[in-house]
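Inside the fold
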Number of protein chains: 2
Amino acid sequence: MVTLKDIAKHANVSICTVSKYLSSSMVVKKETERRIQQAIKELGYVPNVVAKALKRMETSNIAVILPKINNLYYSEITSGISQTLGKYHYNLYIYEVDNLQLSEEEILQLMRENMIAGIIFIGLFADQSFQESINNIPGWDIPIVYANRYTSNTNYPLVYPDLVQAGEIGTKHLLAKGKQRLAVVHKGLREEILNYFLEGCHKVCGEHLPIVMEMKDEMDLVNDFVPQLLEHQIEGVFTLNELSAVYLAKALQKTNIKIPEDMAVLSLGNSVMSEISTPELTCVDLQNRELGMKSAELILSQIRKEAYEDVTVLEPFIVERHST
Amino acid sequence: MVTLKDIAKHANVSICTVSKYLSSSMVVKKETERRIQQAIKELGYVPNVVAKALKRMETSNIAVILPKINNLYYSEITSGISQTLGKYHYNLYIYEVDNLQLSEEEILQLMRENMIAGIIFIGLFADQSFQESINNIPGWDIPIVYANRYTSNTNYPLVYPDLVQAGEIGTKHLLAKGKQRLAVVHKGLREEILNYFLEGCHKVCGEHLPIVMEMKDEMDLVNDFVPQLLEHQIEGVFTLNELSAVYLAKALQKTNIKIPEDMAVLSLGNSVMSEISTPELTCVDLQNRELGMKSAELILSQIRKEAYEDVTVLEPFIVERHST
DNA sequence: TTGTATGCGTTATCAC
DNA sequence: GTGATAACGCATACAA
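What you see as residue numbers is a count from 1 along each chain, following the sequence as written. Just so you know, chain letters begin at A and ligand numbers begin at 1, following the order they were written in. With pLDDT at 70 or above as the cut-off, local features in this predicted model cover only qualifying residues; side-chain atom pairs require 80 or more to be listed or tallied, and sums for whole chains, interfaces and linings still use all residues. Note that the side-chain values use all heavy atoms of the structure and ignore hydrogens as well as water.

Naming follows an unreviewed UniProt entry, where chain A appears as LacI family DNA-binding transcriptional regulator of Metasolibacillus meyeri.

Quick look at the overall build of chain A
Note the threshold: In DSSP terms, a helix is any run of H or I states spanning at least four residues, a strand is any run of E spanning at least two, and both are numbered starting from the N terminus. Note on method: radius of gyration uses C-alpha positions; expected globular size equals 2.2 Å times residues raised to 0.38. Type-normalised accessible area, obtained with a 1.4 Å probe on protein chains alone, sets the label of each residue: buried when under 20%, exposed when over 50%, and partly exposed for intermediate values. In this description, contact between two residues means that some pair of their heavy atoms is separated by no more than 4.5 Å.
A tally of regular secondary structure across chain A gives 14 helices and 12 strands. Relative to the globule expectation of 20 Å for 324 residues, the C-alpha radius of gyration of chain A, 26 Å, shows a markedly less compact shape. Once the C-alpha set of chain A is aligned to its principal axes, its extents read approximately 85 × 40 × 35 Å. Out of the 324 residues in chain A, the part that is buried amounts to 55%. When contacts within chain A are restricted to residue pairs at least 6 apart in sequence, long-range pairs at least 24 apart make up 71% of them.

Description of the protein's contact with DNA strand D
Stated precisely, the cut-off is as follows: For this description, a residue counts as near a given molecule or strand if any of its non-hydrogen atoms is within 4 Å of it. Each polar contact in these results corresponds to two N or O atoms within 3.5 Å; when the atoms are within protein, one needs to be able to donate a hydrogen and the other to accept it, and residues that are neighboring in sequence are counted only if both atoms are side-chain atoms.
As a structural note, the neighbourhood of DNA strand D is formed by 26 residues, with A:Leu4, A:Tyr45, B:Ser14, B:Thr17 and B:Lys55 the closest of them. Taken together, the sugar and phosphate atoms account for 64% of what DNA strand D places within 4 Å of the protein. Separating a phosphate oxygen of DNA strand D from a backbone N or O atom of A:Asn48 is a distance of 3.1 Å. Between DNA strand D and the protein, one listed contact pairs a phosphate oxygen with a backbone N or O atom of B:Ser14 at 2.6 Å. Breaking the surface near DNA strand D down by element, the ones donating at least two residues are helix H2 (15–22) and helix H4 (49–56) of chain A together with helix H2 (15–22) and helix H4 (49–56) of chain B.

Some words on the protein's contact with DNA strand C
Rule in force here: Three classes are used, and their members are as follows: Ala, Val, Leu, Ile, Met, Phe, Trp, Tyr, Cys and Pro are nonpolar, Asp, Glu, Lys and Arg are charged, and the others, Gly among them, are polar.
Close to DNA strand C lie 28 residues; A:Ser14, A:Thr17, A:Thr32, A:Lys55 and B:Tyr45 are nearest. The contact atoms of DNA strand C, taken as those within 4 Å of the protein, divide so that sugar and phosphate hold 62%. Separating a phosphate oxygen of DNA strand C from a side-chain N or O atom of B:Ser19 is a distance of 2.8 Å. At a separation of 3.2 Å, a base oxygen of DNA strand C approaches a polar side-chain atom of B:Lys55. Breaking the surface near DNA strand C down by element, the ones donating at least two residues are H2 and H4 of chain A together with H2 and H4 of chain B. Tallied by class, residues from the surface near DNA strand C come to 14 nonpolar, seven polar and seven charged.

A closer look at the pairing of strand E1 (residues 61–66) of chain B
Residues and elements named next belong to chain B. For the record, the criterion: Pairing between two strands is assigned when DSSP locates at least 2 bridges connecting them. By definition, the crossover connecting two strands over a helix is right-handed if that path, from the first strand to the second, turns clockwise as seen with the strands pointing away from the viewer.
Most of E1 is tucked away, with six of its six residues classed as buried. Pairing geometry for E1 and strand E2 (residues 91–96), over six bridges, is parallel. Residue pairing in the sheet places Ala63 in a bridge with Tyr93 of E2. Crossover connection from E1 via helix H5 (residues 72–87) to parallel E2: handedness right-handed. Relative to strand E3 (residues 118–122), E1 is paired through four bridges, and the arrangement is parallel. Following the sheet pairing, Val64 is matched in E3 by Ile120.

Looking at the sheet that holds strand E10 (residues 282–285) of chain A
All names here are of chain A. Quick reminder of the rule: For helices, the fitted line uses only the C-alpha atoms of the stretch in contact; every axis is such a line through C-alpha atoms, and the angle between N-to-C directions lies from 0 to 180 degrees.
Read from one edge to the other, the open sheet built from six strands follows the order E7-E6-E8-E9-E10-E12, with strand pairing classed as mixed. The sheet is open, and its two edges are formed by strand E7 (211–214) and strand E12 (317–319), each paired on a single side. Strand-to-strand, the axes of this sheet are offset by a mean angle of 25 degrees, without reference to chain direction. As judged from the four bridges shared by strand E8 (residues 236–239) and strand E9 (residues 264–268), these two strands associate in the parallel manner. Within E9, the position partnered with Phe238 by the bridge is Leu266. Sheet strands in contact with helix H9 (residues 163–176) are strand E6 (182–186), E8, E9, E10 and E12, and its direction is about 160 degrees off that of E8.

Concerning the UniProt feature "domain: HTH lacI-type" (unreviewed entry) in chain A
Which entries qualify depends on this criterion: UniProt positions are given in the numbering used here, feature names are shortened, and annotations may be inferred rather than shown by experiment.
Per the UniProt record, "domain: HTH lacI-type" (unreviewed entry) is annotated on residues 2–56 of chain A. Annotated as 69% helix and 0% strand, the span residues 2–56 of chain A places its first and last C-alpha atoms 20 Å apart.

Here's the deal with the sheet that holds strand E7 (residues 211–214) of chain B
Residues and elements named next belong to chain B. The strand order E7-E6-E8-E9-E10-E12 describes an open sheet built from six strands, whose pairing is mixed. Single-partner strands in this sheet number two, and they are E7 and strand E12 (317–319). Strand-to-strand twist of the sheet, defined as the mean angle between neighbouring strand axes without regard to direction, takes the value 25 degrees. Both strand E10 (residues 282–285) and E12 contribute to a ladder of three bridges, which runs antiparallel. Counterpart to Val284 in the pairing with E12 is Ile318. Of the strands in this sheet, strand E8 (236–239) and strand E9 (264–268) are in contact with helix H12 (residues 242–254), which crosses E9 at around 160 degrees.

A word on the relation of the copies chain A and chain B
To keep it simple, the criterion reads: The fit set for superposing copies consists of C-alpha atoms from residues with pLDDT of at least 70 in both; the fit itself is least squares.
Once chain A has been moved 0.0 Å along the axis and rotated by 180 degrees, it coincides with chain B to within an RMSD of 0.1 Å. With respect to symmetry, the two chain copies, as superposed, fit the operation of a two-fold axis. Among all residues of chain A, the minimum C-alpha distance to the rotation axis is found for A:Tyr93, at 2.3 Å. Mapped onto chain B, 98% of the interface residues of chain A again fall at the interface, so both copies present the same surface.

Considering the interface of chain A and chain B
Size of an interface, as often reported, equals the accessible area lost when the parts are brought together. The condition is simple: Once two parts are put together, the accessible area they lose, assessed with a 1.4 Å probe and summed over both, is termed the buried area. Salt bridges are counted wherever a side-chain nitrogen of Lys or Arg sits within 4 Å of a carboxyl oxygen of Asp or Glu.
In this complex, chain A contributes 51 residues to the contact, which on the side of chain B involves 50 residues. When chain A packs against chain B, the two sides together hide about 4,300 Å² of surface, and 59% of this comes from carbon and sulfur. Linking chain A with chain B are two salt bridges, by the criterion used here. There are 20 residue pairs in polar contact (both at pLDDT 80 or more) connecting chain A and chain B. Looking at the side of chain A that touches chain B, the elements with two or more residues in it are H4, helix H5 (72–87), strand E2 (91–96), helix H6 (97–100), helix H7 (104–113), helix H12 (242–254) and helix H13 (272–276) of chain A. Element by element, the count of residues in the side of chain A that touches chain B is highest for H5(A), at eight residues. Per-class residue counts for the side of chain A that touches chain B are 24 nonpolar, 18 polar and nine charged.

Regarding H4(A)
The N-terminus of H4(A) is capped by A:Asn48, whose side-chain oxygen sits 2.8 Å from the backbone nitrogen of A:Val50. Directly after H4(A), the chain includes A:Met57, whose backbone phi takes a positive value near 55 degrees.

What about empty space enclosed by the protein?
Spelled out, the test is: Cavity and pocket criteria rest on a 1 Å grid covering protein atoms alone: a 1.4 Å probe that fits but cannot get out defines a cavity, protein on both sides within 12 Å along at least 5 of 7 lines defines an open pocket, and an atom within 4 Å of a point defines a lining residue. Grid points are joined across faces, edges and corners, and a volume is the space filled by probe spheres set on the points.
One pass over the full model with this rule turns up one cavity of 30 Å³ or more. What the largest cavity holds in volume is close to 160 Å³. Elements with a contribution of two residues or more to the lining of the largest cavity: H4 of chain A together with H4 and E2 of chain B. For the lining of the largest cavity, a count of residues per class yields eight nonpolar, eight polar and no charged.

Structure representation (structure tokens):
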């Protein structure tokens, strides 16, 4: 391995001179520069980031911790993070919690061992127990960003889409399409989150709120779920889970219910899945890539000790296709 | 930061004793052990992986380099890699080439700077120029695995699905379903790769090969592509790209062609996309997760200087749904 | 403008 | 069993 020492010797200067020159924290004579450059080229010098990190007690590694990467929802966000981090020459670690089977404590330990410069959690961990885990670590000083987590008892910045507005524009859209009797369908959504949507619905519908229905894994959509929809004479469904929206659309068509004439389907989330569904689903885009980019920026702000917003809210918008 | 030094002082032993005890490369007296353990607990010691890496000149970081992560094809493979690496306590870096806009040389430089322990390339880089880039680096010694790359001029192990067999079982399946006139549809596939499939088809069809059609981005499927299919009186289509298969199925239905009665559609690749398509697509599963796991194992074998297979071929299999 | 010397936290080579 | 001490490659305070 070629080190600064080798370069220094070859260029007949001291290590310090090379080091400072390379970090452009010093101006050197033209002749010195030439010799250093030549030595670097001839010997094939590659800086050692690990040594640098040890000395400076700081890496350029950001960890993204998420349930699984093979899910378009998470991978979109991750790609946004990657894009911004790459621009600033930070590296991106991925930790898939579903695969790793590590406890919260073990993950935090891992982050400290590796001198991670910042952590982005994507929609993970029960609020209290996790925050407690961090508080239990005296001298914890790694920047954190919570992407897609709705909580207030944390000292770290939050980034999430405006779910109230999502509920509002979704409902408004369905009403504008002439759909009166609406249902909000979700799948294991925490009540707290669900309430944000309903608050948005409320703004549009007043007291005439959509009915709320939960989709369960063991349900047969065609035989169990769709009949319930019909029973309530639902005309428009706002499905708060993209994949469920796609499956619902399939079930409706199997039951010979025309989309959007007999029933409109609006999905939350805009990945290829909505696009390839039949019919193509109208959806509320949650700006996942932007969410990722913003999360990365917030981590970098913390690292640089700059000011940052405690809460960043992204504006969702409607992408109209053929299901409403 | 609590270091070995602090622990040593607190436990009244030397740094060396603590270090060797922790790496279980030395047996210590019961009493010493107790004191060390107590010190670690009381002071809250966290080992510093960066310092360890510098000293040992070796990290536990594996880099995965791929075009983009927000693509189920790549993220499935990545998830497989993550699963295996996690088991052996290796960390996973992700580098998205499409986002980073780095040249081959810059990527290789990045890997060396960061003392990456091994690199997995997923379906990337023109064979020759890239291999040359590596050869141009004297003393390059980072293990590499090529996932989904078909080439012979490399010194590194290859992992890929058996495309000949994919062609064979796909064709066989379509024939078994009573489809005689077949088409193989691809989208910008390199001739070399395409030929593997055709070789598989040949095994089943003899000289009566399927016709090959290329799908282009600017094509209107309903007005341009489907009519071509009909013109050739095609009864079964083997689409070598999952997303294209889904779009083709949509186009066929718009043209009121019944799947699979009038035309069978077989897709290559088995992600959720085939599942949520209407109708659910029968497909040839390429075992992406296994591909990732195998890639990770091959990297680890190289790191451990164990023997490994130069070429690992995965066996694709049919997943039957409703499109054939 | 350049050089010397020290230390980041760890492991490894000795000696005791 | 245990302890000094020297590296690993780099950055930096301080000298010159």
